[in-house]
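Residue-level listing of the chains:
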Amino acid sequence: MANLSIEHLNKRYGATTVLNDVNLSIEDGEFVVLVGPSGCGKSTLLRMIAGLDGASGGDIHIAGKLVNTLAPAERGIAMVFQSYALYPHMNVRKNMTFGLKFTGVPPTERERRVTEAARMLRLEELLERYPRDLSGGQRQRVAIGRAIVREPEVFLFDEPLSNLDAALRVSTRVEIANLHRLLKSTIVYVTHDQVEAMTLADRIVVMNKGCIEQVGKPLDLYYEPANLFVAGFIGSPAMNFFEAEVEGIEGGRARVTGAAFRTLDISAASLKVGDRLTVGVRPEHLVRGEAGAFTAEGIVELVERLGEASFAYLRRVDGKMFVAEVRGRQTPAPGETVTLVAASPDVHVFDASGLRVATETR
Amino acid sequence: MAEPVSHVTAQMPRAKLAGLLLFFLGPAVVIYTLFSIYPLVATMALSTYTSDTSGARSFVGLANFQTLLGDALWSKPFWNALGNNLIFFVVHMCVQNPVGIALAGLLSLPGVRLKGFYRTVMFLPTMLSVVIVGFSWNLILSPLWGVASGALKAVGLGSLFAPWLGLESSALVTLSLISVWQFVGIPMMLIYAALLNIPEELIDAARVDGLGQFRIFFHIKLPLVLPTISLVSVLTFVANFNAFDLIYSVKGALAGPNFATDILGTFFYRTFFGNQLQLGNPTMGAAVATVMFFIILLGLCLYLFLVQRRIRRYAF
Amino acid sequence: MTRDQRARSIGVHLVLIAYSLLAVGPILLVVMNSFKVRSAIFGSPLTPPDASTFSLIGYEKVFRSSHILLYYSNSLIVTLVSMALVLLFGAMAAWALTEYRFRGSTALALFLSIGIMVPIRLGSVAILNMMRSAGLNDTLTALVLVYVAQGLPMSIFILSEFIQQIPKDLRDAARCDGVPETRIFFEVVAPLLRPAIATVAVFTIVPIWNDLWFPLILTSSDSTHTVTLGVQQFLGQYITDWNSVLAALSMAILPVVVIYVILSRQLIAGLTSGAVK
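Rules of the game
- Residues numbered from 1 in each chain as written.
- Chains lettered and ligands numbered in written order.
- Predicted model: local features only at pLDDT ≥ 70, side-chain atom pairs only at ≥ 80, totals over all residues.
- Heavy atoms only, no water.
- UniProt positions renumbered as here; feature names shortened; annotations may be inferred.
- Helix = DSSP H or I, 4+ residues; strand = E, 2+ residues; numbered from the N terminus.
- Rg over C-alpha atoms; globule rule 2.2 N^0.38 Å.
- Buried < 20%, exposed > 50% of the residue type's maximum accessible area, 1.4 Å probe, protein only.
- Areas by Shrake-Rupley, 256 points an atom, 1.4 Å probe, with all protein chains shown as cover.
- Lys, Arg positive; Asp, Glu negative; His and termini not counted.
- Charge placed at Lys NZ, Arg CZ, Asp CG, Glu CD.
- Pairing = 2+ DSSP bridges.
- Salt bridge = Lys/Arg side-chain N within 4 Å of Asp/Glu carboxyl O.
- Contact = heavy atoms within 4.5 Å.
- Buried area = accessible area lost by both parts, 1.4 Å probe.
- Polar contact = N/O pair within 3.5 Å; in protein donor to acceptor, adjacent residues only side chain to side chain.
- Nonpolar A, V, L, I, M, F, W, Y, C, P; charged D, E, K, R; others polar.
- Axes fitted to C-alpha atoms, helices over the stretch in contact; angles between N-to-C directions.

Named according to an unreviewed UniProt entry, chain C is Carbohydrate ABC transporter permease originating from Bradyrhizobium zhengyangense. Per UniProt, chain C has the following entry under Sequence similarities (unreviewed entry): "Belongs to the binding-protein-dependent transport system permease family." Under Subcellular location (unreviewed entry), UniProt gives the following word-for-word description of chain C: "Cell membrane".

Structure representation (structure tokens):
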């Protein structure tokens, strides 16, 4: 049964559309991450689920109940804020029980829940402390604890890791993943960090300009991005794009040419001669070689060495740049002309409107 | 991105919102309206009435104002008080603000020690009651005590001493300076705060450009705190045209000698409550208060529409 | 430090010390001489009291011939009650104005800000009439009501700025927790306004404690006089008795100075916090 379902949700402020006809269905126990560039509407969507922002149109159901007109506290949600939003003048225990007082949870039950959550989050030692005496990571755990004791249908996380330093972010990420495994609860999690999205999510919702671009499992988004936006957003460094055109069709196979790569042969029923296309290849899928399903040449301008890999920035024939990942100690030298190839499953083709063209390359 | 007001409160049922507003705003709005706005309006209304010896009131339109501005018995003291009040204000503007700016400028210089101490000491007179300040200076300047004349003699200027507060020619300016002495802390503090808000990097940049502290102050800091200076000026204006306590405590309601220190506040008090020379007249008092209100309003409008609009506020 | 810089630094300190002396000199002079016998007040006004010139005669007279302690307690009651109400009602109103959107909220905020600039004194004629007809004439209640009305606009203005600085997430979190609106104000927002109290206090306590006008027109009997009015009347009566005059002045000055010195850090921080821009 769908635990959270969103139908035709719209949000406008005056003339600006923040969310445009968003439809999403989230299963019980699912960990869904909303990801996208800043201003894409992901936080607004989360706040609308929480009931903190109003909708201009559409419906939200939580656990089968229409919650459009319900106050946040009546929706069966709990939210973890980016700034943690801990009450600064209450100790950890009070922070966690404060809300329960008003929702009719008896004192003994409150105590049980706090003890349970504190044990789960290793907060037992900190219960009498005040937020100002806690480290960033501890505050984060208290904020999560405050959400857990409410025993909500749905947990909402608003960029919870963005105020932590890099090392803590990784360990807290692991902790949140463990927590989800333990609680088996439904989580909607907003982030702009695609690594968080990829590592945490059962399913990722990629958003852009108030619309959902694609919903899918992390690896599906990586290997089969539905459009140019998702292709460019998921993966780092971003996918290389090459302008292309269908030069001829022979026996269901299209011959695709472009200024910056060697002619490519793909099978695609829907194409016709003269169609403008975009061919995409990820930097990590380009390897040095003579000829492959996809072949492109470039002059090395710059090499970034990261250790486990290096990134070569190459100037294409048409003057634009593209990036290739190079493994090992031998990196090409600036000025060197390099030929790079990619295998056919790693070549993505998008039509003029940016949508993925289902293809079989050879 | 987020709405200025929470959606939760925006979509509250009307009855609930009304209840909350009543609860939160009710006490403040009721007390404020009843004891601040209503009296102002009622006073203005009263200024269009007159009362006869039996206490019965009758509507006379603008007759009170005609009397106030046209009848020599009223208009002479009125214009005298207004003129004196202007002098009072001009002295404040010419002495209090420059001194306040200079002190704030000195305090904000980099590397000056004991800033907190100086600030605390210089602000002290501002905290005291005007009555106390006025009376203390009255004693100090009194020829009876001889402190002021003694101090002048000590620096060889003994011949300059005069009973300033008692002389018709110097009483008003002396009182103005006493008031300046007391309130110079306010411009100093506000301008000091504004100076602190100027990013240090900006000053560093000017130093790298080769400007000395003096030039930095006049070419960089001063233009940036201009909005605060104009705010201080309008605060001073309102306070000056509403002043009363100092003159009353040093010179009494008659604002002597020979009304030389009479300002609108004391004129209003005399008109309203009366004194040895005349009976109190509430309706004429209301008329004086109304005129004072419009003078203050005029000042505020000049500030809002002429000064504030032209002054650019800089964002750092 | 170069020689030039040192010279300038000394110059700056000389100016600041000179002005500091000018600022506290008169106050010191009054307080110092209040502890001396009459002959020493006139004979050597600039020297501190010593064993031969020390005297408390002025203070004895003040205690004997005026109800100075009663004045103190009146002033204290009026100031503290007014301040408490200004803070409570001001914070409540500021919260409603910043947090709730309703028709006329801007107009109401504008209406409330009239009192920041327009002195309530100008309504004295009507205030006196009202108090007389309500039977509140010559009571401390009348003073409190007027002072609350006078203090509210500025406190609403300052507290609104403070409330806006409280993170929005905190109120959202409380709403997700199901905390009722009134409890959000009293249990989440109000405790966080504590730093604002010093600032609001500067703008309420000082003018109330020092005010002469309203005690003068609203109170007539000795039992309702405040320190400022009581001392003022005392000074008028005993103008030739320098011991008493100086003692009365000192007694009006000292409590303010003591409180000021204790609280000056917070008061000045409040003044310079930028809440009044």
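A. Quick peek at the overall build of chain B. Of the regular secondary structure elements, chain B holds 15 helices and two strands. The C-alpha radius of gyration computed for chain B amounts to 25 Å, which surpasses the reference 20 Å derived for 316 residues by more than 25%, pointing to a less compact arrangement than a globule. Across its three principal axes, chain B shows a C-alpha extent of roughly 80 × 75 × 30 Å. The buried share among the 316 residues of chain B stands at 55%. Entry remark: accessible area of chain B is about 14400 Å², with carbon and sulfur atoms responsible for 67%. Positive and negative side-chain charges of chain B, numbering 17 and 10 respectively, have mean locations separated by a distance of 3 Å.

B. How the structure looks around the pairing of strand β4 (residues 57–62) of chain A. Residues and elements named next belong to chain A. Alignment of β4 against strand β5 (residues 65–66), held across two bridges, turns out to be antiparallel. Following the sheet pairing, His61 is matched in β5 by Leu66. In this antiparallel pair of consecutive strands, β4 and β5, the connection spans two residues, and Ala63 shows a positive phi of 50°.

C. Expanded view of unusual backbone geometry. A cis amide bond links Ser236(A) to the next residue, Pro237(A), at an omega of -5°. A positive phi angle, close to 65°, is found at Leu114(B), a residue other than glycine. Position of Leu114(B) relative to the elements: it lies in the loop between α4 (72–107) and α5 (115–127). A positive phi angle, close to 50°, is found at Asn258(B), a residue other than glycine.

D. Spatial organisation of the pattern of salt bridges. Scanning the model with the defined rule gives 35 salt bridges over all chains in all. Across the pair Arg270(B) and Asp262(B) runs a salt bridge, and its minimum N-O distance is 2.8 Å. Of the two residues, Arg270(B) and Asp262(B), both sit in the buried class. Between Glu187(C) and Arg183(C) there is a salt bridge, with the nearest N and O atoms lying 2.5 Å from each other. With Glu187(C) and Arg183(C) both in helix α9 (residues 181–192), this residue pair falls four residues apart, about one helical turn. Taking relative accessible area as the criterion, Arg183(C) reaches 33% and is therefore assigned partly exposed. One continuous salt-bridge network, built from bridges that share partners, spans Glu109(A), Arg112(A), Arg113(A) and Glu151(A).

E. View of the interface of chain C and chain A. Facing 17 residues of chain C, the contacting portion of chain A comprises 22 residues. Regarding the contact of chain C and chain A, the summed buried area is about 1600 Å², with carbon and sulfur atoms giving 64% of it. A per-residue breakdown of the area chain C buries against chain A is headed by Asp169(C), Cys176(C) and Asp177(C), which together make up 38% of the total. Linking chain C with chain A are three salt bridges.

F. Broad picture of the environment of Met48(A). All names here are of chain A. Position of Met48 relative to the elements: it lies in helix α1 (residues 42–50). Taking the C-alpha atoms as reference points, Met48 and Leu221, 173 residues apart in sequence, are found 25 Å from one another. Other than its neighbours up to four places away in sequence, Met48 contacts Leu9, Asn10, Lys11, Leu19, Asp53, Gly54, Ala55, Ile60 and Arg75.

G. Representation of the interface of chain C and chain B in the model. Each side of the interface is counted separately: chain C has 94 residues, and chain B has 92 residues. Buried surface at the junction of chain C and chain B, summed over both partners, amounts to about 8400 Å²; 81% is from carbon and sulfur atoms. Summed over the shared surface of chain C and chain B, the result is one salt bridge. Asp245(B) is the partner of Arg121(C) in a salt bridge, and the nearest nitrogen-oxygen pair spans 3.1 Å. Applying the counting rule to chain C against chain B returns 14 residue pairs in polar contact (both at pLDDT 80 or more). Here the side of chain C that touches chain B takes 16 residues from helix α1 (residues 3–33) of chain C, the largest share from any one element. Looking at the side of chain C that touches chain B residue by residue, the classes come out as 68 nonpolar, 15 polar and eleven charged.

H. How the structure looks around the sheet that holds strand β10 (residues 211–216) of chain A. Residues and elements named next belong to chain A. Taking strand neighbours across the sheet as the criterion, the six strands line up as β6-β7-β8-β3-β9-β10 in an open arrangement whose pairing is mixed. Edge strands, defined here as strands with exactly one partner in the open sheet, are β6 (77–80) and β10. Averaged over all neighbouring strand pairs, the angle between strand axes comes to 20°, with direction disregarded. Here strand β7 (residues 154–158) pairs with strand β8 (residues 186–191) via five bridges, running parallel. If you follow Phe155 over to β8, its bridge partner there is Ile187.

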